[in-house]
Each structure stands twice: as C-alpha cells, then as structure tokens.
Amino acid sequence: MIKFLDLEKVTASFEPGLSREVQRVVRSGWYLLGNEVHAFEEAFARYCGTSECVGVANGLDALTLVLRGYMEMGQMQEGDEVIVPANTYIATILAITRNRLVPVLCEPDEGTCLIDPSRIEPLVTARTKAVMVVHLYGQAADMDAVAQVAARHHLKVIEDAAQAHGAVYKGRRVGNLGDASAFSFYPGKNLGALGDGGAVATNDAELAKVVRALANYGSSVKYVFPYKGINSRLDEVQAAVLRHKLPRLDADNERRRRIAERYMAGIRNPFVALPEWREREGHVFHIFAVRCKQRDALQAYLAEQGIQTLIHYPVPPHKQEAYREWNDRSYPITERIHREELSLPVSPVMTGEEADIVINAVNSFAPKDE
C-alpha cells in the first residue's frame, strides 16, 4: 500500500529530536502562554516575512479571528460581504458566517482551481469589505491581480494559507501578500503539529493585538475583558513541535515539488488532466490534484493497485446541508472541479520508486465504457 500521506513515517523522520523537544516541554511544567509559543511566533513571523504572528488553536479560529478583529476595530460590521472562492474547504466559509458576515462565492480559474481575479470585480457591492483568497492545494493565488481589484474598491485582502506554508509569490511568501493571513497546523499540513494548531500572520500591529486578546477570552490584561473573546490558544507542546520542524520546511516542500515534477513528466493518460503549475516556487504541493471525468472509477482502480488517494473535496460548500439556503445555486466550474478532482499521494518521505508506481498505475487506467 502506498499511503496518501504516511504521517508515522513523516514524524519518525524528525526523531529523536522531536521527542526530546516534547519531553523538555512536558518536564518544564509550563503548557500554555509561555516561551515556546512566543519563540515559535517570532520564528514563523520571520519565515513569512511579517512583523506579527499570533498562535491560535486551529486554522478555522485563525480565519475567524482575523475577521472578528476587523469588526472590533470598526472596519467591518455584521452583514458586510466577503468575496471568497466557491470551491474552497468549508472552513473558509464558516469563518465568514460565524461572524455574521455574508460570503459572496466567486468561481475559480478552471486551470489552477484558484480564485479568478477577473470574476471578483463584478461581485463587489457597497457592502463588500474584503476578498478572502485561498491558496488552494498549496499554490499561491494571483495576488497582484487580486490586489489591484482590492485597491480600486478599498477592500481588505485576507489569505487563507492553510495549505500553502512556504509557497512564494514573486519573491514573497504567502502570509505576507495581503492585509492578514491564517494558517492551519493540522498534522497533515506541510508544517504540521502533533494535534491542532493555527496562526494569524500580519504586518498590522493593531490587528495582531486585538486577535491576541480575542483568542484569550477577550483579555490582554488578566481578568480585564474589553472584548467578548473565545479560548483559542496554541499550546506549548505544539509550538515546540512546530519550531523544531520549521527549519526543514523548505527542504520538505522541495521534495514535494520533485515528486510533482515526476508526476507531471510521467503521467500521460488522456483521461487524466494534470494541474496547472504557474511558478515553481509558488506551489508547495500540499495536494497534487488531478482531474478525471471518471474520477470514482480512477480512485477505485488505484485502490486495487494498492494506491491510496483522497478527494478534495467531494461536495462544494453551496451544496452542503449546512448551507441549504444555497443548494439551488449553480456554480458550474466549481461543481465540475468537485466532481472530477482526485488527490494523488505526495509527501516529503515519498520515494521516487513509489511515485513511479503511481505514475504507471495512472497511465494504465482506462474507463470500462471507453
């Protein structure tokens, strides 16, 4: 079996240092709001190129708190609109609706599956306050084009960078391409913790200060609560794990790119469409997403060959029961992507031989009705 992502092997590749770091924090007796989180925040801010980083409990909270921070600062209010890709994971949408803001779904570019900047401007209204860009599958969106639209309409640009740690756009890393960004450190991410974790990165010191307070029950001074906050804190163990892994992130991303290059060069099946890859350093291949009209048959065939694949994502947000009020809407490009997408195995511990097995299996697939 070639696993989609062998987390056990990934974790083992950081040993014995990883276990030593965990043990050191466990023995310290200090588990929240301590030096480990502070040190990771500083290191990750330097890595992204931002002046500020705030560790939080998970990626959804990071997105939610960015929007909530702007609301507390008087820059947004309930009922305002946020333009967002229609083909994203539901967490991006949840962050908007949790704040009683209104998601305005934007169709993607079909080649890259990233938000199509040419489709943003027609969606702008007097209530639009932000564009939330998703660097889907690990590829940086076309940020210059997005920024031009945002500047014309005085909109905030918020990056959902949950899948794109380390991706570079025209010399700058994601997380430092808009007004604020949100990261997830879910274990399967390119930079993953041993549990949940997240962070907000920004160059806006005031926003960072508000987010930090909101994430700590609404308090920056003990027992003083200027905001109705939540409990969303990155813990000391996860911060130590992330700081231990961070120096290897670029090398791990490069390994993912090399697997992707092997796939791009080797997969030659008329029934399988390869992803559009615009800039080499701009994609960190959290996911290697192919498209196939016979997607379910391809997935079943690869499983028979001992290759584990996943679908990101089978049902788009506007067709979910949670957003039943949108179920009658039609976003044809988004629906086609969700109907055809299949994610092949890719990871920093995957071997070239394993990649070749995947390539040969994909190339040998032929739909039965063809």
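Everything below is about the structure shown above.
Reference entry: report on the structure contained in this document. (Residues numbered from 1 in each chain as written. Predicted model: local features only at pLDDT ≥ 70, side-chain atom pairs only at ≥ 80, totals over all residues. Heavy atoms only, no water.)

1. Topic: the sheet that holds strand β9 (residues 198-202)
Item 1. Across the sheet, 7 strands lie side by side as β1-β9-β8-β5-β4-β2-β3; this open sheet has mixed pairing. The open sheet has two free edges, formed respectively by β1 (52-56) and β3 (102-106), since each of these has just one partner strand. Adjacent strand axes in the sheet meet at a mean angle of 20°, parallel and antiparallel pairs treated alike.
Item 2. In the sheet, β1 pairs with β9 via 5 bridges, with the strands oriented antiparallel. Opposite Gly55, over in β9, you have Ala199 as the bridge partner.
Item 3. In the packing of helix α4 (residues 59-72) onto the sheet, contacts are made with β1, β2 (81-85), β4 (128-134), β5 (156-160), β8 (180-184) and β9, and the angle to β8 comes to roughly 160°.
Item 4. On the sheet, helix α7 (residues 205-214) packs against β1, β8 and β9 and is oriented at approximately 15° with respect to β1. (Pairing = 2+ DSSP bridges. Helix = DSSP H or I, 4+ residues; strand = E, 2+ residues; numbered from the N terminus. Axes fitted to C-alpha atoms, helices over the stretch in contact; angles between N-to-C directions. Contact = heavy atoms within 4.5 Å.)

2. Quick look at the layout of surface pockets
Over the atoms rolls a probe the size of a water molecule, and in doing so it shows where empty space is left.
Item 1. Put simply, the largest pocket is a space of about 670 Å³.
Item 2. Lining the largest pocket are 30 residues, with Tyr89, Ser184, Tyr186, Lys189 and Tyr313 positioned closest to its centre.
Item 3. If you list the elements that add at least two residues to the lining of the largest pocket, you get α4, α5 (90-98) and β8.
Item 4. The dominant element in the lining of the largest pocket, judged by the number of residues it contributes, is α4, at 3 residues.
Item 5. Residues that form the lining of the largest pocket fall into these classes: 17 nonpolar, 9 polar and 4 charged.
Item 6. Space inside the second largest pocket adds up to approximately 370 Å³.
Item 7. Around the second largest pocket, the lining is made up of 21 residues, and of these Leu33, Arg212, Asn216, Ser219 and Arg233 lie nearest the centre.
Item 8. At the level of elements, α3 (35-48) and α7 are the ones that each hand at least two residues to the lining of the second largest pocket.
Item 9. When its residues are assigned to classes, the lining of the second largest pocket shows 9 nonpolar, 7 polar and 5 charged. (1 Å grid on protein atoms, 1.4 Å probe; cavity = no way out; pocket = protein on both sides within 12 Å on 5 of 7 lines; lining within 4 Å. Points joined across faces, edges and corners; volume = space filled by probe spheres on them. Nonpolar A, V, L, I, M, F, W, Y, C, P; charged D, E, K, R; others polar.)

3. Details of the side chain of Gln163
Item 1. Mapped onto the elements of the fold, Gln163 is located in the loop between β5 and β6 (168-169).
Item 2. Overall, Gln163 belongs to the buried group, its relative accessible area being 8%.
Item 3. A distance of 2.5 Å separates a polar atom in the side chain of Gln163 from the backbone nitrogen of Tyr137.
Item 4. Separated by 2.7 Å, the side chains of Gln163 and Tyr313 make a polar contact.
Item 5. The residues contacting Gln163, other than those within four sequence positions of it, are His135, Leu136, Tyr137, Gly138, Lys189, Asn190, Val284, His286, Ile287 and Tyr313. (Buried < 20%, exposed > 50% of the residue type's maximum accessible area, 1.4 Å probe, protein only. Polar contact = N/O pair within 3.5 Å; in protein donor to acceptor, adjacent residues only side chain to side chain.)

4. Description of the pairing of β2
Item 1. Here β2 lies mainly inside the structure; 5 of its 5 residues are buried.
Item 2. Every second residue of β2 is oriented toward a common face, with Glu81, Ile83 and Pro85 on one face and Val82 and Val84 on the other, all of them buried.
Item 3. Each parallel crossover has a hand, and for β2 linked through α5 to β3 it is right-handed.
Item 4. Bridge analysis of β2 against β4 gives 3 bridges, and the strand direction is parallel. Bridging from a neighbouring strand, Val82 pairs with Ala130 of β4. (Right-handed = clockwise from strand over helix to strand, strands pointing away.)

5. Details of the nonpolar core
Item 1. The biggest cluster of nonpolar side chains holds 42 residues, and the ones touching the most others in it are Phe44 and Phe185.
Item 2. Elements supplying a minimum of two residues to this core: α3, β3, β4, α6 (143-153), β9 and α8 (236-245).
Item 3. Tallying contributions element by element places α3 first for this core, with 7 residues.
Item 4. Setting aside anything within four residues of it in sequence, one finds Phe44 in contact with Cys53, Phe183, Phe185, Leu191 and Leu246.
Item 5. Counting 33 residues, the second-largest nonpolar core is a separate cluster that includes Met76, Ala180, Val210 and Trp326. (Core = buried A, V, L, I, M, F, W, Y, C linked by side-chain atoms within 4.5 Å.)

6. What about the packing of helix α9 (residues 249-266) against helix α12 (residues 352-363)?
Item 1. One can describe the packing of α9 onto α12 by two numbers: an axis separation of 10 Å at closest approach and a directional angle of 30°. Between α9 and α12, the angle is such that the two are roughly parallel. The two elements α9 and α12 meet at a crossing, and its hand is right-handed. Between α9 and α12, the residues in contact are Arg255, Ile259, Arg262, Tyr263 and Gly266 and Gly352, Ala355, Asp356, Val358, Ile359 and Asn363, respectively.
Item 2. In the contact of α9 with α12, the residues fall into 5 nonpolar, 3 polar and 3 charged. (Parallel < 35°, antiparallel > 145°, perpendicular 65-115°, else oblique. Left-handed = near helix turned anticlockwise from the far one by under 90°.)

7. With respect to the side chain of Thr88
Item 1. The residue Thr88 is located in the loop between β2 and α5 in this model.
Item 2. The exposure class assigned to Thr88 is buried, which follows from its relative accessible area of 3%.
Item 3. Of note is the side chain of Thr88, whose polar atom sits 2.7 Å from the side chain of Thr92.

8. Details of the environment of Glu279
Item 1. Take Glu279: it is sitting in the loop between α9 and β10 (288-291).
Item 2. Residue Glu279 is classed as partly exposed on the basis of its relative accessible area, which comes to 32%.
Item 3. The spacing of Glu279 and Lys170 is 109 residues in sequence and 8.8 Å in space, taken between C-alpha atoms.
Item 4. Discounting residues that sit within four places of it in the chain, Glu279 has contacts with Gln139, Val168, Tyr169 and Lys170.

9. Focus: the pattern of salt bridges
Oppositely charged side chains can form a pair if their charged atoms are brought close together.
Item 1. Tallying each qualifying case throughout the model produces 26 salt bridges.
Item 2. Residue Asp80 pairs with Arg127 through a salt bridge whose shortest N-O separation is 3.1 Å. Of this pair, Asp80 sits in the loop between α4 and β2 while Arg127 sits in the loop between β3 and β4, and the two are 47 residues apart along the sequence.
Item 3. Judged by its relative accessible area of 1%, Asp80 falls in the buried class.
Item 4. Residue classification places Arg127 among the partly exposed positions, given a relative accessible area of 35%.
Item 5. Across the pair Asp252 and Arg248 runs a salt bridge whose closest N-O atoms are separated by 3.0 Å.
Item 6. Salt bridges linked by common partners bring Glu254, Arg257, Arg258, Glu261, Arg280 and Glu281 together as one network. (Salt bridge = Lys/Arg side-chain N within 4 Å of Asp/Glu carboxyl O.)

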